[in-house]
Amino acid sequence: MKDMKQLKNALLLFAISILLCGCPTDDAGYNNIAFVNKSGRKIGCQIISEKVSNIYQDTVFYCNKTSDYFIGNDSSFILESPIRTGWGEELGTSYYIQFLVLDGELFKQYYSSPCDSIRKHVPILDVYRLKLSDLVKMNWTIVYPSKKR
């Protein structure tokens, strides 16, 4: 009887260990990034992900490999992780995510124009280049304009 109780406790302990090991932490598996516009005007936002080793000093509007959003004043959008396991695995230690903030009215006007026209006529208002550690510190929420900039 004592052996049966010990076996039952050991199996229960083993099952709990398996369950706890299978739960990802928030830092590693967080699925959403919130971008909040508090600028008082409509903005456009272009999002790309690149290798940290490729962080450029120059800020350029990219025509390929991008996601584009339009955000009204005092509104926001949620960017979901492209993979099921979350942003922690997507970005890891070798990738960053860039949010390029553009004048919303001009971006809407030139949105379907050739890339050179967009670069010429649509001003870049701000750039956020964030690694996983930055997003964790910001609690997965980016507020434009930033108070620290």
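This text goes with the structure placed above it.
Residues numbered from 1 in each chain as written. Predicted model: local features only at pLDDT ≥ 70, side-chain atom pairs only at ≥ 80, totals over all residues. Heavy atoms only, no water.

Inspection of the entire model under this criterion finds 2 salt bridges. One salt bridge in this structure joins Arg41 and Asp103, with 3.1 Å as the shortest N-O distance. Remark: Asp103 occurs in strand E5 (residues 95–103) and Arg41 occurs in the loop between strand E1 (32–37) and strand E2 (43–51); sequence separation between them is 62 residues. Taking the relative accessible area as the measure of exposure, Arg41 reaches 36% and is therefore partly exposed. (Salt bridge = Lys/Arg side-chain N within 4 Å of Asp/Glu carboxyl O. Helix = DSSP H or I, 4+ residues; strand = E, 2+ residues; numbered from the N terminus. Buried < 20%, exposed > 50% of the residue type's maximum accessible area, 1.4 Å probe, protein only.)

Omega for the peptide link from Tyr144 to Pro145 comes to -5°, which places this bond in the cis form. Its place among the elements puts Pro145 in the segment after strand E7 (141–144). A positive phi angle is found at Asp74, which is not glycine, with a value near 55°. For Asp74, the position within the fold is in the loop between strand E3 (67–71) and strand E4 (75–80). Unlike most non-glycine residues, Trp140 shows phi in positive territory, near 65°. When you line up the elements, Trp140 lands in the loop between helix H6 (132–137) and E7. Judged by relative accessible area, Trp140 falls into the buried class, the value being 4%.

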